[in-house]
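Residues per chain are reported as follows:
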Amino acid sequence: MAQQRMALWAAEADIEEDVDLHLALGNYGQTGHFEDGEAHIQQPQIDEATLMAMQQHMAQQAAFSQIPDVVKGFIVHFHQAVLDNNLAEITVAYESGWNKYTEKFYSKTEWPEAEVIAPLVNDDPIFLILYRELYYRHVYSRLQPNIDDRFHSYENSCELFNYLLNSEGPVQLELPEQWLWDIIDEFIYQFQVFCTWRSKVKSKTEDEIIMLAEGGPVWSSYSVLNVLYSLIQKSRINEHIVATQEGKSSEEIAEIVGEYGQRPLYRNLGYFSLIGLLRVHVLLGDFTLALKVMEHVELNQKSPFTRVTACHVATYYYVGFCYIMLRRYPDAIRTFVNVLNFIMRMRQYHTRSYQYDQISKTADRMYALFAVCNALSPSRLDDNVANISKERYGEQFAKMARGGEESLAAFEELFLYACPKFITANPPPYDDPSALSLLVAPPSPTDGSEQPSTTSTDPTHRHLSLFLADVAAQAPVPTLRSFLRLYTSLGAAKLANFLDADEEEIVQEMMLMKQASKSVSRVPGSDKGSLLDGETITTSDLNFVIAENMVHITESTIGRRYAGWFIKNTERTARIYDDLKNMPLPQPSKNAVTPAVASAPAGEAQTKGPRTGGQKVAWGGAKPLSDLSRRLKPFLTATMKLELLPSTVHYIIWDFFGIPYYLSVCETIEMWATRLLALAQLVTLSVSAPPGFPSSGNGLWFNTSATVWAKEWLPIGNGYLAAMVPGGTAYEATQLNLESLWSGGPFSDSSYNGGNKLAVEQSSTAQIMDDIRKDIFQSPTGDINSIGQLGTDAGAYGSYAGAGYLVQGINTTGTISNYGRYLDMDQGIARTTWTQSGTTFVRTTICSHPTEACTQHITTTSSWGFSPLLPQLSYTFSSAQESGLPAPNITCLDSNTLRIRGTIEPTSGMIYEILARLQTTPTKSSAQTTQCIQFPVPFGTPSNATLQVKAGTTREAWISWVGDTEYSMDAGNAASGFTFRGPDPHSALLNLISAVGSAPFSSILSQHVADYKAALTDKFSLSLGQTPRLDVPTNVVKSAYTIDTGDTYLEWLLFNYGRYMLVSSGRGVLPANLQGKWANGYANAWSADSNINIQMNYWAAEMTNLDVTLPLFDYFEKTWAPREANVWMMLHVWDHFDYTNDVAWWKAQGYPLIKGVASFHLDKLIPDLHFNDSTLVVSPCNSPEQTPITFGCAHAQQLIWQLFNAVEKGFAASGDTDTAFLAEVKAKRDKMDKGIHIGSWGQLQEWKVDRDSPSDTHRHLSHLIGLYPGYAVAAYDSSVQGLAASKKQVIDAATTSLIHRGNGTGPDADSGWEKAWRAAAWAQLGNADEFYHELSYAINRNFGPSLFSLYNPADPDPIFQIDANLAYPAALLNALIQAPDVASVSTPLTVTLLPALPKQWPSGSIKGARVRGGLTVDLQWKNGIPVSAAFKTDANVVARNVQVVYEGKSVTSFTTSSRLTTSISSF
């Protein structure tokens, strides 16, 4: 590296100032020979310094010759861009060119030194300073700097800042913001690295010690701070920030900040120096001063630091760490959550950025710090961040949360990993040898005192010790808190006895706990004021007072303790029972077998328990056993110890029964046999489907109650509301959902912008877009690293959220038998039935679309032929089980109605309301059967109430609930300030609950069933020749399912389940999102939003005759299309018209949507300046969720071509007279690249540049969207698309791509939806074997016991993803009937029958399937061959030629007309 360079403070001092190096070197050796000795004698003597300079110059010439020509060209171009102050070119050279050539030529060696490249830049001193800045940064980041590099980099920094600060007036230099931040950031980093290196005295050589002694101010704290403060003062950045905040005009600001502050160079350097000071003061350990220097900087998404991602992340990291060291844990958590959510949202824009690795490392450290803060001050601010933090640091978090001594090691581990690398302000005494020798080898103590710690001078360990001291003081708090939660009042002496401590010590610890729960915190949502401002708040939901040695405890979350404890332990008991039931019976050892068993016939000993008729058995005496004990006896062996059993059984014996684990089972089991069997009989094994389960088998049934939400609960919904039903008995906690309940967004963040640029940014954004396009086209590979500058952080995006739990309690006891629960998809009801103390209870839950309400009904029957009266019932609402949802106000609206009203966030956010009305059929007309009880609550806590049905007053009761929020799609426009805030929902809900609350349940049920059948089952049905499984629960059927062999019944059931879920979630105001309308908790994976996968949700809608798409189109029209204009959305819009020919809708909504999106993309298509082939392409683009940012992506090009076709096909029906628009569409459609190119290994290219990898198994099939669900590939026509390739070549290329894309299990994901898409694509190719393999693989791998599609099925609490459930029916039906779209209405529509029928479905039928052109199809097949097909056309169809094909041959053709019927019986 710098070995060829002289130390500036050594050899250069001997060089005479008047030596002309160029002249001396130029004259030396130019004469080829000496004519005589005299001439030789007359040659001047070359002194040592001159000789060294000449040698150095020669070395530089040799080094210059080694520079690749492309690098020389880059440096010349870079220099010219700096001379011209061309920010766009500088940015490209800095962010792309430098890093590209570093990777190509200098990844493991240094760049050429500045002196070597000086001739290329005409010895421009300013550019050489900038070049050295990059040179040394490369040395520090990629190589190992030596002492010369450390000193030279400091000198170069001084030259740079002297030039900027001490020139006459502001310098005429412009650099991009990213580079300016990197200059400040690298300056501080090199200072930090130098200080750390300098402090390691023992590793220094003698020469290094001498240089450090003489180095003086090199990298001193004073010099670094002086630079940063000078930049701040010169730029007057604080005054600029204050003036801007006060709303002063640009002229007033210019007058305030002066000539330097007006220049972007100085303004940005000054601003970044504020962030730099924050960092330096943190490194030096002054956390208060660190935040003080930031007093004018607002910590929000509009601050200038957010324009540079690395600065954004660093700012939040150091601010958050300051808050940790100041014990302001809530502020630290809020800070980390804010930036970590930003990183998650923007990750796709930075995955190829040269700073991506550093940003990821910083994010990982913040997750660790978040875990530390959350352990010290538990918070529910953001479950997404909390879950990721626990995934990464779950083991450490568990230890920290438990407290005690063992937690300190975990705190220490994470602190050391995640803290900044602290430095010492003062260097070791290198200029004082005696003091230095004492530091290197301190004298041994002679007085017996302890040797000072080797870490006492290490600043990191000093800060660690301070932090751990505070943590250690709080170590007893978690244990103490866990005891206090169990009581509302407790004697201090009793508490001390529990904790084995004296009373005074406990009181002191309680005072410590109270103090630990106090923290200074900024007011949530406030970005104004200093970062040090704040109010003292209580961070714990547990509070207590001590009066006369009694501790009185309150919790702010009403009802949370008891409901939470009951649900948690009920679920745990059920899981334990399931483990017991599924546990294989232990086999007796040979020595323990009784004579009777030993002489039994072969196999009998394996199936029967030990005989006991007076025989002496190995595990006990010869006494007779009760029947209960005999039933337990197969669990036993003679020598089996309890530790041989599963850990769950340990829990039962130890915690439930109080038995020490070391006892043998034979010593304890009989004593507790009755209790164990009572526990086991909580849920009894059914041998057949429960009473009332549909004989068609069209439903899911289980013989155990549900525990895990995504694996076992059952969904119901009407589009407006949804619910998840666990099937409890005496206790039922139904989870509720409101379709628009959303955290975040404009309701909680007034600065929320949805990721949209401001109007004033239009011209600058357009310039950025032009520069990006230019860079892409000029790039040799046709791509760039990032388009992050086009993005804008949306703010607090939020998530779809659960709405709490409606809890029903039944005052009944006794053994439970005949348990069963099921989802009836013939009628759309969830039902639970069980028998207890001779009474059979039947609970039915529905969500009715006509009433916009859900209703839960309970009644009784008995074996004696009459219905017993109901015991006392209670209905309460619980938010505690909905993780993160604040407690609402629960009040009695009247004697039989609860009003639940709250906000989605503790202090702000969307308002929601639920009204729940309880009804009964009294046995006596005058009897009062219900009451609403309002509970007294502590001051300042939310109100609480419950509904009750009095015991013995009725034989049936039902509760109906309605709910809504203040969200309104109609308020998402400029007129409403993009607030999306509509009217208060209360009045509308009163009308709804009044209507449903007065109707008998029989009427509600019959109305619901009639509507449900009309929507789902009356118009369409499918048979795969399945046989209903009424003898085996659904979860058992699913667990037995195997790939390729399959199970026709389960495959048919999943088809119906997908349609059921879509009709249950898609008929509200909003469309079905990534979880339909079923969300568990306050924050859900991917926010449970409606992203690109929403198209998959609706694939099956039109073809299976579901009328659910209009809410989707309203959502497009009012939210997405005006902002994003995504083409894939328009697939559904055109398909709806193509299937229905609903001209009125097309004119009013469909065509305006199509035209608006097409108009946007007319402008988006630009000439291809990379290949210069006269085609139009989209640039920039990326194939969805793939990394490359390039041009001409196949996904975009194929979809835009289809969109333009839809414009032409639907133009006549639209009534549009804008023929100029149509002409432009047709002209650009003809010129555009069609997105179909066959690549070097026979693949269909994903990008126009042939860059596909044969090993790329990415989850998306974006370049095959024209195969399915589109038609650019499936209905490819070279004459129409104007391409040379034949259809066979294109289909073969698509097949090659599909093969190489894998089976939907790759390093990037293992989800069900990617497998369903692949199955549909294989069906489109007519490959029945691959279709069925992929479909059965998806079922086997990704569908859970309740048939929910699970993103991570092996996880104990997996993530539910509905897109696979809803894509499944479309994929299956695509193997039975295909009718892909075509480019022109004059092209015949081809309907293919049984294109990919697998051998596993030899016989079956379809009734009511829909295809394009207003056609309804009935189809029946037997032995793998169609036996009949019938086509019926709608009354309002437009004449269209149709060709019906089977096995590649046309079996009939016809032209559609109104109500035409065509039947086929010969194939």
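Each remark here, short or long, concerns the structure printed above.
Heads up: these notes are all about the structure in this document. (Residues numbered from 1 in each chain as written. Predicted model: local features only at pLDDT ≥ 70, side-chain atom pairs only at ≥ 80, totals over all residues. Heavy atoms only, no water.)

**With respect to the nonpolar core**
Moving on, step 1. Ranked by internal contacts, the top residues of the largest apolar core, which has 209 residues, are Trp961, Tyr1057, Leu1376 and Ile1406.
Moving on, step 2. Of all the elements, helix 38 (residues 1048-1065) adds the most residues to this core, at eleven residues.
Moving on, step 3. Not counting chain neighbours up to four residues away, the residues in contact with Leu1376 comprise Leu1022, Leu1024, Thr1392, Leu1393, Leu1394, Pro1395, Leu1397, Trp1401, Ile1406, Leu1419 and Trp1421.
Moving on, step 4. By size, the runner-up hydrophobic cluster in this structure holds 141 residues, among which are Trp197, Leu278, Ala363 and Phe467. (Core = buried A, V, L, I, M, F, W, Y, C linked by side-chain atoms within 4.5 Å. Buried < 20%, exposed > 50% of the residue type's maximum accessible area, 1.4 Å probe, protein only. Helix = DSSP H or I, 4+ residues; strand = E, 2+ residues; numbered from the N terminus. Contact = heavy atoms within 4.5 Å.)

**Quick word on helix 35 (residues 986-997)**
Moving on, step 1. If you check helix 35, its first and last C-alpha atoms are 15 Å apart, about what twelve residues at 1.5 Å a residue would give, namely 16 Å.
Moving on, step 2. Every buried residue belonging to helix 35 is among His986, Leu989, Ile993, Val996 and Gly997, and all of these are buried. Viewed end-on, helix 35 has its buried residues packed into an arc of 95°, placing them on one side of the element. When the buried face of helix 35 is taken as reference, the exposed residues oriented beyond 90 degrees from it are Ser987, Asn991 and Ala995.
Moving on, step 3. Tucked inside the fold, the buried residues of helix 35 contact strand 14 (853-862), strand 16 (889-894), strand 17 (897-903), strand 18 (911-922), strand 21 (954-965) and helix 36 (1001-1017). (Expected span 1.5 Å × (residues − 1). Arc of directions from axis to C-beta.)

**Topic: the packing of aromatic side chains**
Moving on, step 1. Under the criterion given, the structure shown has 61 aromatic pairs.
Moving on, step 2. With centroids separated by 4.9 Å and ring planes inclined at 15°, the aromatic side chains of Phe415 and Phe467 adopt a geometry described as stacked. Taken together, the residues span a long stretch of sequence, with Phe415 in helix 20 (residues 406-418) and Phe467 in helix 22 (residues 459-473) at a distance of 52 residues. The same class applies to Phe415 as to Phe467, namely buried.
Moving on, step 3. Measuring from centroid to centroid gives 6.0 Å for Tyr1049 and Trp1052, while their planes differ by 35°, and the two rings are tilted. Taken together, the residues span about one helical turn, with Tyr1049 and Trp1052 both in helix 38 at a distance of three residues.
Moving on, step 4. Given the relative accessible area of 6%, Trp1052 is considered buried. (Phe/Tyr/Trp six-rings, centres within 6.5 Å; stacked < 30°, edge-to-face > 60°.)

**Overview of the packing of helix 4 (residues 69-83) against helix 7 (residues 125-142)**
Moving on, step 1. Contact geometry of helix 4 with helix 7 gives a least axis separation of 11 Å together with a crossing angle of 120°. Considered as vectors, helix 4 and helix 7 are oriented oblique to each other. The handedness of the crossing between helix 4 and helix 7 is right-handed. Contact residues: helix 4 offers Ile75, Phe78, His79 and Val82, while helix 7 offers Phe127, Leu130, Tyr131 and Leu134.
Moving on, step 2. When the residues that make up the contact of helix 4 with helix 7 are grouped by side-chain class, the tally is seven nonpolar, one polar and no charged. (Axes fitted to C-alpha atoms, helices over the stretch in contact; angles between N-to-C directions. Parallel < 35°, antiparallel > 145°, perpendicular 65-115°, else oblique. Left-handed = near helix turned anticlockwise from the far one by under 90°. Nonpolar A, V, L, I, M, F, W, Y, C, P; charged D, E, K, R; others polar.)

**Quick word on the sheet that holds strand 18**
Moving on, step 1. The antiparallel open sheet is built from nine strands, whose spatial order is 6-11-12-13-14-21-18-17-16. A strand with exactly one partner marks an edge of an open sheet, and here the two such strands are strand 6 (699-702) and strand 16. Between one strand and the next, the sheet's axes are offset by a mean angle of 15°, whatever the strand orientation.
Moving on, step 2. Where strand 16 and strand 17 come together, five bridges link them in antiparallel fashion. Residue pairing in the sheet places Cys892 in a bridge with Leu898 of strand 17.
Moving on, step 3. Lying over the sheet, helix 35 contacts strand 14, strand 16, strand 17, strand 18 and strand 21, oriented at roughly 15° with respect to strand 18. (Pairing = 2+ DSSP bridges.)

**Describing the pairing of strand 28 (residues 1415-1422)**
Moving on, step 1. The pairing of strand 27 (residues 1404-1411) with strand 28 spans six bridges and is antiparallel. Looking at strand 28, one finds that Val1411 is bridged to Leu1415.
Moving on, step 2. Adjacent in sequence and paired antiparallel, strand 27 and strand 28 are bridged by three residues, among which Gly1413 carries a positive phi angle near 85°.
Moving on, step 3. Taken together, the eight bridges between strand 28 and strand 29 (residues 1425-1433) define a ladder with antiparallel strand orientation. Its bridge partner lying in strand 29, Asp1418 is registered against Ala1430.
Moving on, step 4. The turn joining strand 28 and strand 29, which pair antiparallel and follow one another in sequence, is formed by two residues; a positive phi near 55° is taken by Asn1423.

Any link to function would need more than the numbers given here.
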